[in-house]
Amino acid sequence: MTVQEDYQPVFTGRVLEELQTVLQRYPNKQAALLPALWLAQREHGWISDRIMAEVAEVLGLTPAYVKGVVTFYTMYHQHPVGKNFVQVCTTSPCNICGAEEVLKALLAQSGAGDAGATSPDGKWTIVEVECLGACGFATPVLVNDDFVENVTPDKVADLVRKYR
Amino acid sequence: MGYPHKSHPKETVVLSQYFGDADARTFKGWTKRGGYEALAQSLKLDPVAVTDVVKESGLRGRGGAGFPTGLKWSFMPKEKKRPHYLCVNADESEPGTFKDREIMRWTPHALLEGTAIAAHAIRAEVAYIYIRGEFTEPWTIMERALAEANAADVFGDITIHLHRGAGAYICGEETALMNSIEGKRGNPRIKPPFPAAAGLFGLPTTINNVETLAAVPHIIKRGAAWYKALSLSNPKSTGTKLFSVCGHVQRPGNYEVTMGFPLKDLLYDMCGGPPPGRTFKACIPGGSSVPILTREETDACLLDYEGVVASGSMLGSGGVIVFDDSADMVYQIMRLARFYAHESCAQCTQCREGTAWTTKIMERILAGQGKPTDLDLLLDLSENMTGKTICVLSDSCAAPIVSGIKKFRGEFEAYLAGKRQPVMVG
């Protein structure tokens, strides 16, 4: 799939300064890879091949090495996602408390359709994830950086309204 | 305590004393409550003396392995020739466990204080707190607390950094976590060498869990004897432990009890028992990686390292997952296997293939397409997944499968015999 990408270098000006601060925390540049990717994702929205090449360049790594790391972790988006990126936990503890119903309600009411797909209006990407570490608050849902606890199917309408 | 935060009379509240108290989150509020006194006290002591107090207290690792904390610290080189590191494991991802999240949300300074004391004890100048990527709120709170503590200059020569994970359960494995800090894929390393010899950046490193370190300031301040006396009966398991209870109980939450506390009392008295009209069927007492207990085993189980082993499982991280009679054990065990299949780093064949294959077999059993030989096949695979890989992720997948088939075989056989409505597995 070819994705239209409006690429601007990420590590310039203020973001480059942020990276310099991050680099001071580690004895070598490679160790700043995860934080650098977080910065890049914050700025660009996702981690494209060009972003990987740029990260590789600033940290003295190869693009192939960076790609190997990016693909290992689930939280770096390897394709563009909707304005609201929603992670729904459906692992056993939440599963027995009705997490799959929450997921279904979110997919239907947001218009995202299928898990992992983005809604036609570009507003929603909803994914099923494994354990979010908040099992006593079933079902936890992570909307971008907002951690929403105790979501039940009847609360989904309000949640969708809030972020639309 | 359950939610809203209110402790139960049977709890022994040490780590959770300030859960729900927003003022305790601030540096000012924390020092007002006696915070950072233990650190000031420790920094005046020789590192060996600090380690000895922790050794004497009997504190054991709260991340799952239960290794004696003071002993672990004493493995660090006596003569410091190269930099030493401390890693703090805040990658809490074990299904059923949500205690470290609560510690970081409500008492970030307790963790920072414990971290600095441990760093002093192992003569590390730098500590990295590795927080899982999904913990956005704990991250923000920890970041603010660290900035406040740094501004007050309480850490002496010790520097603490936060490092954010990016979504990988396996990074909770100690050497995978170190690789992840180094900017690598989170693959566990072959041991030996153990971290105390060659850990982060190849240098002597100690790694401790959040809850372990949060207990350290209390031990320093109130003494090893006080901590030891908190055990109900067993001198090998001392102090208090946070148990995260989730699933089919009326009041889920983090409950702090002394080691040796009856699991039955935790589930019925504190958590209010099963939802109305239901009965308990099964319980996983230590996070998803440990064997499943039946209701009878649960009723007789004492919550300390040895007690849970005697009941046929393990204390693990203290993540208690409760299933009532409405739960489909075959489906839930399949979900657990799927979790491990998703999280396998794929280095070892037994794990990469085994986690995916066992998931697939259980999916077909659920779909009504299981074969008569499938249960034997699952057990055979599980045997090959146990004790044969670099880390224990593969073993963790096998534990619920083996115990599940042993204890709930009838549920599997009902699907195989076509006596149960097949389930659409998505």
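Up top you'll find the structure we're talking about.
As a starting point, this report considers the structure included with it.

1. A short note on the overall build of chain A
Inference 1: Looking only at helices and strands, chain A features 7 helices and 4 strands.
Inference 2: When the helices and strands of chain A are read in sequence order from the N terminus, they spell out α-α-α-α-β-α-α-β-β-β-α.
Inference 3: Going through the 164 residues of chain A one by one, you find that 52% of them count as buried.
Inference 4: Expressed as a percentage of contacts within chain A between residues at least 6 apart in sequence, the contacts between residues at least 24 apart total 62%.
Inference 5: Carbon and sulfur atoms provide 50% of the accessible area of chain A, an area that totals close to 7,300 Å².

2. Section: the side chain of B:Lys99
Residue and element names in this part refer to chain B.
Inference 1: With respect to the helices and strands, Lys99 occurs in helix H5 (residues 99-106).
Inference 2: Among the polar contacts listed, one links the side chain of Lys99 to the side chain of Asp100, at a separation of 2.8 Å.
Inference 3: Excluding residues within four positions of it along the chain, Lys99 makes contact with Arg62, Glu92, Asn209, Glu211, Lys241, Leu242, Ser244, Asn254 and Ser317.

3. What to know about the sheet that holds strand E9 (residues 293-294) of chain B
Residues and elements named next belong to chain B.
Inference 1: Judged by pairing direction, the sheet is mixed, and its 5 strands sit side by side in the order E6-E5-E11-E8-E9 without closing on themselves. With one partner strand each, in any of the chains shown, strand E6 (253-258) and E9 form the two edges of the open sheet.
Inference 2: Where strand E8 (residues 280-284) meets strand E11 (residues 319-324), 4 bridges bridge the pair, whose relative direction is antiparallel. Note that in E11 the partner of Ala282 across the bridge is Phe323.

4. Describing helix H11 (residues 263-270) of chain B
All names here are of chain B.
Inference 1: Residues Leu263, Leu266, Leu267 and Met270 constitute the buried set of H11. The arc that holds the buried residues of H11, viewed along the axis, is 115°, so those residues lie on one side.
Inference 2: One or two positions beyond H11, positive phi appears at Gly272, with a value near 80°.

5. Side note on unusual backbone geometry
Inference 1: Of note, the bond from B:Lys191 into B:Pro192 is cis; its omega dihedral lies within 30 degrees of zero at -5°.
Inference 2: Position of B:Pro192 among the secondary structure elements: in the loop between helix H8 (174-181) and strand E4 (205-209).
Inference 3: Residue B:Pro193 is bonded to the preceding B:Pro192 through a cis peptide linkage, with omega at 5°.
Inference 4: Counting through the fold element by element, B:Pro193 comes out in the loop between H8 and E4.
Inference 5: One non-glycine residue, A:Asn144, lies in the positive phi region at around 50°.
Inference 6: Counting through the fold element by element, A:Asn144 comes out in the loop between strand E3 (141-143) and strand E4 (146-148).
Inference 7: When its relative accessible area of 31% is taken as the criterion, A:Asn144 is described as partly exposed.
Inference 8: If you check the backbone angles, B:Phe201 has positive phi at about 55° while not being a glycine.

Rules used throughout
Residues numbered from 1 in each chain as written. Chains lettered and ligands numbered in written order. Predicted model: local features only at pLDDT ≥ 70, side-chain atom pairs only at ≥ 80, totals over all residues. Heavy atoms only, no water. Helix = DSSP H or I, 4+ residues; strand = E, 2+ residues; numbered from the N terminus. Buried < 20%, exposed > 50% of the residue type's maximum accessible area, 1.4 Å probe, protein only. Contact = heavy atoms within 4.5 Å. Areas by Shrake-Rupley, 256 points an atom, 1.4 Å probe, with all protein chains shown as cover. Polar contact = N/O pair within 3.5 Å; in protein donor to acceptor, adjacent residues only side chain to side chain. Pairing = 2+ DSSP bridges. Arc of directions from axis to C-beta.

Fair warning: the whole summary comes from geometry, so function is off the table for now.
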